[in-house]
Amino acid sequence: MLVLAHISDLHLDGSARATERARRVRDHLWGLPVPPDALLVTGDIADHGTEPEYAEAAALLGLRDGDAPFPVLTCPGNHDSRGPYREALLGLPSADGPVNEVRVLDGAAVLMCDSSVPGEDEGALDDATLTWIETTLDGLDAGVGALLAFHHPPVPLHHPLPDAYPLREPERLAGLLGRHPEVVALITGHAHTPAATTFAGRPVLVGPGVTWTLRLPWEGEQPADRDAPVGLAFHVLDDEGRLTSHFRVVT
């Protein structure tokens, strides 16, 4: 059984408010009586994509000193910048290409895919990333389930703000999923609201935003609820290949 903690959209910008909210959820996760198998952070880790923002993120998430109590898995969002992201969070040389990684944990593979488009808020899984996903899935051992993690949800969420900046050409991802039944679910961020829906016959699980929560159209005209408690999710992939998700808030 794999237990995956999930947070998204920290938008660290050097402000005391952003730092406090990120530290609040970090302290909650670090203090759990039984740690999860890993923490997944689905993008918009930095707000402006600057080196100081990533230095703070690396310190908060235990990536700088390697002192996190579990693996910390990340993928970039539209506010992230690939060069500083690679250097500060992954310890890799700066480069402009998509940031794609895979980690196999307890018999399940987590593919961290780059849906960012440099300089734009919309998302895309480009040719290189789709090829990487397909090749990586083809290389998994038989019986290993896979979770695809990326920033932009591939379906509308019925709010004009996130739906204005969607994942482009989702049909290309749908075609890939049709060839790969081992993909159990898609895990995303971007929308700042905990949500569950489906795409191409798979669950889509959208992580709540750390920095603020999206008010839905019937909840008020101002989209950003900056006073809502910090949210997180726990995704449990059991030995039968069933994924169960639990959503929590940290006050």
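Below or above, wherever it landed, is the structure these notes cover. This structure is a prediction, so every number in the text was calculated from the model and none was measured.

### Description of the environment of Asp-225
Okay, step 1: Turning to its location among the elements, Asp-225 is positioned in strand 13 (residues 224-225).
Okay, step 2: Here the alpha-carbon distance between Asp-225 and Trp-212, two residues 13 residues apart in the chain, equals 5.7 Å.
Okay, step 3: Leave out the neighbours within four places in its chain, and Asp-225 touches Trp-212, Thr-213 and Arg-215.

### Some words on the sheet that holds strand 1 (residues 2-7)
Okay, step 1: Here five strands make up an open sheet; going across it, the order is 3-2-1-14-15 and the pairing mixed. The open sheet has two edge strands, strand 3 (72-75) and strand 15 (243-250), and neither has a second partner. Averaged over all neighbouring strand pairs, the angle between strand axes comes to 25°, with direction disregarded.
Okay, step 2: Where strand 14 (residues 230-237) and strand 15 come together, eight bridges link them in antiparallel fashion. By the bridge assignment, Val-230 is partnered in strand 15 with Val-250.
Okay, step 3: Helix 1 (residues 16-30) contacts strand 1, strand 2 (38-42), strand 3, strand 14 and strand 15 of the sheet and is inclined by roughly 35° relative to strand 14.

### Here's the deal with the state of the cysteines
Okay, step 1: Inspection of the entire model under this criterion finds zero disulfides.
Okay, step 2: Cysteine Cys-75 is unpaired, with the sulfur of Cys-113 as its nearest cysteine sulfur at 7.4 Å.
Okay, step 3: You can call Cys-75 buried: its relative accessible area is 0%.

### With respect to the sheet that holds strand 4 (residues 101-105)
Okay, step 1: Here six strands make up an open sheet; going across it, the order is 4-5-8-9-11-10 and the pairing mixed. Among the strands making up the open sheet, the edge pair consists of strand 4 and strand 10 (195-199). Across the sheet, the mean angle separating the axes of adjacent strands is 25° when strand polarity is ignored.
Okay, step 2: Sheet contacts for helix 6 (residues 170-178): strand 8 (145-149), strand 9 (183-188), strand 10 and strand 11 (202-206); angle to strand 10, the most-contacted strand, approximately 70°.

Definitions and limits used
- Each chain has its residues counted from 1, following the order in which its sequence is written.
- The model is predicted, so local features are restricted to residues of pLDDT at least 70 and side-chain atom pairs to those at 80 or more, both for listing and for counting; the totals for chains, interfaces and linings are taken over all residues.
- The side-chain quantities take in all heavy atoms of the structure and omit both hydrogens and water.
- What counts as a helix is a DSSP run of H or I of at least four residues, what counts as a strand is a run of E of at least two, and both are numbered from the N terminus.
- Pairs of residues are marked as contacts when any of their non-hydrogen atoms sit within 4.5 Å.
- We treat two strands as partners when DSSP finds at least two bridges between them.
- Helix axes use the C-alpha atoms of the stretch in contact, all axes being lines fitted to C-alpha atoms, and the angles between their N-to-C directions lie in the range 0 to 180 degrees.
- Defined by distance alone, a disulfide is two cysteine sulfur atoms within 2.5 Å.
- Here the term buried applies to any residue with accessible area under 20% of the maximum for its type, exposed to any over 50%, and partly exposed to those in between, with areas from a 1.4 Å probe on protein chains only.

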